[in-house]
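# A look at the structure
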Amino acid sequence: MKIIKVYNYFDKSLQFYYDENHCITTTDTKGDTLRIGDSISKINNSTKFKVFRKNKFGKYTFYNDYEISGI
């Protein structure tokens, strides 16, 4: 899945949409964030997901692991 749009709600939360109806929401608006075009991968029933970002050669490479908290 790729991040297709990002909404910033008054610097209180960020929503990263990977399709028209589903998103990842975070309240950490100051730290490292996802970008449009990032590719995310998540295993079913897991709270962790991996982020892949294009490098300067246009190839996706591993960028970071994130964990969804508060579920």
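Report on the accompanying structure. (Residues numbered from 1 in each chain as written. Predicted model: local features only at pLDDT ≥ 70, side-chain atom pairs only at ≥ 80, totals over all residues. Heavy atoms only, no water.)

### Digging into the overall build of the protein
Scanning the protein from N- to C-terminus turns up zero helices and six strands. Mapped in sequence order, the helices and strands of the protein form the string β-β-β-β-β-β. Sorting the 71 residues of the protein into buried and exposed places 21% on the buried side. In the protein, 20% of the contacts between residues at least 6 apart in sequence involve partners at least 24 apart. Entry remark: accessible area of the protein is about 5,400 Å², with carbon and sulfur atoms responsible for 51%. (Helix = DSSP H or I, 4+ residues; strand = E, 2+ residues; numbered from the N terminus. Buried < 20%, exposed > 50% of the residue type's maximum accessible area, 1.4 Å probe, protein only. Contact = heavy atoms within 4.5 Å. Areas by Shrake-Rupley, 256 points an atom, 1.4 Å probe, with all protein chains shown as cover.)

### Quick word on the sheet that holds strand E1 (residues 5-9)
Spatial strand order, E1-E2-E3: three strands in an open sheet with antiparallel pairing. With one partner strand each, in any of the chains shown, E1 and strand E3 (23-26) form the two edges of the open sheet. Averaged over all adjacent pairs, the angle separating strand axes in this sheet is 15°, with direction ignored. By the bridge criterion, five bridges tie E1 to strand E2 (residues 13-17) in an arrangement that is antiparallel. Paired with Asn8 across the strands is Leu14, a residue of E2. (Pairing = 2+ DSSP bridges. Axes fitted to C-alpha atoms, helices over the stretch in contact; angles between N-to-C directions.)

The quantities given are spatial measurements derived from coordinates; they are silent on function.
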